[in-house]
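The lines below spell out each chain.
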Amino acid sequence: MQVGRTEQAIVIAAPYDEVWQQTNDVAAWPDLFSEYAAAEILETAGDSVTFRLSMHPDENGTVWSWVSERTQDRENGTVRARRVETGPFEFMNIVWTYQEVEGGVELRWQQEFAMKPGAPVDTATMTARISANSTLQLALIRGRVQERAGVVAV
């Protein structure tokens with residue numbers, strides 16, 4: 001099985017607590033990410049949340065939706081997520097890390113996944129798509145978090 005891996009990072013010029021709170025408020029993700037039309041919280045247990053994400057319709061009018069689970073480790077600045085309903089993926093795991101750096105907080109996404117045989121695209125194609133989209137989403141998130149935190153971008 002071919003495994004796809006992507007890694008992107010961005011520095012957000014806002015206080016750590018603000019970055020953590022905004023990016024871990026899954027219910028508010030449709031206002032943070034441009035790709036999500038809805039986020040429904042299905043269950044919370046301790047530091048874990050199970051939720052359904054629905055995307056905006058694609059060019060064919062299809063609304064992609066899946067259930068994921070995220071577990072926060074605030075003390076270590078990490079969040080581990082996995083798709084529960086994998087759809088066209090064999091598996092999809094994501095690690096978010098938060099680190100205070102000069103100029104703000106570095107938010108890093110590391111994604112590891114594989115596509116099922118017969119999926120609409122292969123793992124290499126999905127790797128390229130996820131990498132490009134993650135870069136766009138991180139830049140959008142940075143702008144929105146900084147704006148909501150009252151930070152003037154320079």
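As a reminder, the structure under discussion sits directly above these lines.
How each quantity is defined
- Residues numbered from 1 in each chain as written.
- Predicted model: local features only at pLDDT ≥ 70, side-chain atom pairs only at ≥ 80, totals over all residues.
- Heavy atoms only, no water.
- Salt bridge = Lys/Arg side-chain N within 4 Å of Asp/Glu carboxyl O.
- Helix = DSSP H or I, 4+ residues; strand = E, 2+ residues; numbered from the N terminus.
- Pairing = 2+ DSSP bridges.
- Axes fitted to C-alpha atoms, helices over the stretch in contact; angles between N-to-C directions.

Visitor: Report on the pattern of salt bridges, specifying residues and quantitative values.
Guide: With the rule as written, the count across this model stands at six salt bridges. We note a salt bridge from R5 to E112, for which the minimum N-O separation is 2.7 Å. With R5 in strand β1 (residues 4–12) and E112 in strand β7 (residues 104–115), this residue pair connects regions lying 107 residues apart in the sequence. A salt bridge links D17 to R74, with the shortest nitrogen-to-oxygen separation between them at 2.1 Å. One end of the pair, D17, is in helix α1 (residues 16–23); the other, R74, is in the loop between β4 (65–73) and β5 (78–83), and 57 residues separate them in sequence.

Visitor: Break down the sheet that holds strand β3 (residues 48–55) for me, with residues and values.
Guide: In spatial order, the strands read β1-β7-β6-β5-β4-β3-β2; together these seven strands make up an open sheet with antiparallel pairing. Unpaired on one side and paired on the other, β1 and β2 (36–45) mark the two borders of the sheet. For this sheet, the mean angle separating the axes of adjacent strands, direction not counted, is 20°. With nine bridges joining them, β1 and β7 adopt antiparallel strand pairing. Looking at β7, one finds that G4 is bridged to F113.

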